[in-house]
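Structure at a glance
For reference, the chains in residue letters:
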Amino acid sequence: MRSALRTRDSSLLRLGLLVLALVFLGVGLARGEQQEVLAKAVRICLECIGIG
Amino acid sequence: MSGMYRDRVRGPKKRRLSFQRKVQLAAAALFNGYAAGFQKGKIFTSGSKALCVPVLNCYSCPGALGACPIGALQTALGAHHHFPFYVLGTLMLFGLVLGRVACGLLCPFGLVQDLLHKLPLPKVRVPKGLDRPARYLKYIVLALLVLLLPAFLPSDTGVTPPLFCKYLCPAGTLGGGIPLLLADPALRSVAGALFSWKAAVLAAILLAAALVRRPFCKYLCPLGAFYALFSRFSLCRMELDAHRCVQCGRCESICPMDIRVTQDLSGPECIHCGRCQEICPTEAISRSLGRRTAGEKNGPEASK
Ligand code: SF4
Ligand code: SF4
């Protein structure tokens, strides 16, 4: 019984997290954050390669 | 268990290239498919780099076709000073769908560690008393170097550097730094103390990987830590059929993460590499999609 409840709680939490992830993604896209990611990723990151 | 399954015990399977290795190689080639970049010493600059890959793969690797989520997270916090909706949403989705399958099957730096561990050098088992607390280090790296310091450390320029990338990330040095410096004399001429530090960190991690199984994943990787937090909710799971298990212990001896497989399969430390499944003589271990079985343990205690 207890474990069935725990499994149900897990499923609900999973669903909640999924909704939250999709909301975050949607908000991020609406704010154009993917462009920031692109701008960083198409230039050599000097910190990453150990120069700057 | 089950005498009936004891009769069905198979000998170890003989294969040239395991399922895990094939997927790892394909994923490494896919995430780093811009082969010309290595020749030219240039990085890929097209639109796919707006997408984060689910693994630790430096976006300054000449072959990289996508963005590193850990680098992107630090940039959103430290350079743009906003809540990282896009990167965090993407990472949460990866965590919920794949979880640490990304570590066991997809991550190129996981592959590097697995291959190094094949070198014929003495193997070391980290004592439990050190191993258990050390597994929490990766959560500290995630919280401090990736999230809190980039978000809150004041800086004169208004831009806090990506501290994990700058001081710790071995994937950046191996995939980005070394190939770019080899190809570009101008970059070589400006490499100084920081590069020496990063090269030393990389060398230490690579040496450790030859002696200990997956040391970076166990103790330091912030992306592994992030996915570990989601392991409870992840769609991809490993399952053990207790009726089939003959308690032979082969799974536990082969597990690269030193997990008590018969008790804690699919917990936060399990990277879903499937090696236990391959070696199990009674086919008691399988992959599944969906529900978590009640009563699984969480936390680094899940390791032996
Ligand atoms: S823990 Fe990090 S380095 Fe290891 S496989 Fe996962 S993402 Fe890659
Ligand atoms: S328990 Fe199995 S799938 Fe998980 S890390 Fe260990 S060997 Fe790999």
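Residues numbered from 1 in each chain as written. Chains lettered and ligands numbered in written order. Predicted model: local features only at pLDDT ≥ 70, side-chain atom pairs only at ≥ 80, totals over all residues. Heavy atoms only, no water.

Re the overall build of chain B
From N to C terminus, chain B includes 18 helices and two strands. Over its C-alpha atoms chain B spans a radius of gyration of 20 Å, differing by no more than 12% from the 19 Å that the globule rule assigns to 304 residues. Viewed in the frame of its principal axes, chain B has a C-alpha envelope of about 70 × 40 × 40 Å. Counting the 304 residues in chain B, one finds 54% classified as buried. Counting contacts in chain B only where the partners sit at least 6 residues apart, residues at least 24 apart contribute 77% of the total. (Helix = DSSP H or I, 4+ residues; strand = E, 2+ residues; numbered from the N terminus. Rg over C-alpha atoms; globule rule 2.2 N^0.38 Å. Buried < 20%, exposed > 50% of the residue type's maximum accessible area, 1.4 Å probe, protein only. Contact = heavy atoms within 4.5 Å.)

Some thoughts on the overall build of chain A
Looking only at helices and strands, chain A features three helices and zero strands. Moving toward the C terminus, one meets the helices and strands of chain A in the order α-α-α. Every one of the 52 residues in chain A was classed for burial, and the buried ones make up 37%.

Here we look at the nonpolar core
Grouped together as the largest cluster of nonpolar side chains are 73 residues, with contacts concentrated most on Leu56(B) and Phe164(B). Looking at this core element by element, the count peaks at seven residues for helix α5 (residues 85-97) of chain B. Lining this core are residues from two domains, each supplying at least three of them: domain 1 (19-228) and domain 2 (235-303) of chain B. Every residue in contact with Phe164(B), bar those within four places of it in the chain, is listed here: Leu56(B), Ile70(B), Gln74(B), Val141(B), Leu145(B), Val146(B), Cys169(B), Phe216(B) and Pro222(B). Judged by nonpolar contacts, the second largest core, of seven residues, contains Ile51(A), Ile43(B), Leu180(B) and Leu187(B). (Core = buried A, V, L, I, M, F, W, Y, C linked by side-chain atoms within 4.5 Å. Domains from an automatic or database assignment.)

A word on the state of the cysteines
In the structure shown here, the tally under the stated rule is one disulfide over all chains. The residue that forms a disulfide with Cys45(A) is Cys48(A), at a sulfur-sulfur distance of 2.5 Å. One quick way to see it: the torsion about the S-S bond of Cys45(A) and Cys48(A) is about 75 degrees, and its sign makes the bridge right-handed. The exposure class of Cys48(A) is buried, given its relative accessible area of 3%. Here Cys280(B) stays free of any disulfide, with the sulfur of Cys248(B) as its closest cysteine sulfur at 6.2 Å. (Disulfide = S-S within 2.5 Å.)

What to know about the packing of helix α9 (residues 137-152) of chain B against helix α15 (residues 222-230) of chain B
Residue and element names in this part refer to chain B. In the contact formed by α9 and α15, the axes pass within 8 Å of each other and the chain directions differ by 110 degrees. What the angle tells us is that α9 and α15 run roughly perpendicular. For the pair α9 and α15, contact is made by Lys-138, Tyr-139, Val-141, Leu-142 and Val-146 and by Pro-222, Ala-225, Phe-226, Ala-228 and Leu-229, respectively. A class-by-class count of the residues in the contact of α9 with α15 yields nine nonpolar, no polar and one charged. (Axes fitted to C-alpha atoms, helices over the stretch in contact; angles between N-to-C directions. Parallel < 35°, antiparallel > 145°, perpendicular 65-115°, else oblique. Nonpolar A, V, L, I, M, F, W, Y, C, P; charged D, E, K, R; others polar.)

Overview of the packing of helix α2 (residues 19-31) of chain B against helix α7 (residues 108-116) of chain B
All names here are of chain B. Two numbers describe how α2 lies on α7: the axes approach to 9 Å, and their chain directions differ by 135 degrees. Relative to α7, α2 is oriented oblique. Relative to α7, the crossing made by α2 is left-handed. Residue-level contacts link Gln-20, Arg-21, Gln-24, Leu-25, Ala-28 and Phe-31 of α2 to Pro-108, Gly-110, Leu-111, Asp-114 and Leu-115 of α7. (Left-handed = near helix turned anticlockwise from the far one by under 90°.)

As far as function goes, none of this settles anything; it's purely spatial.
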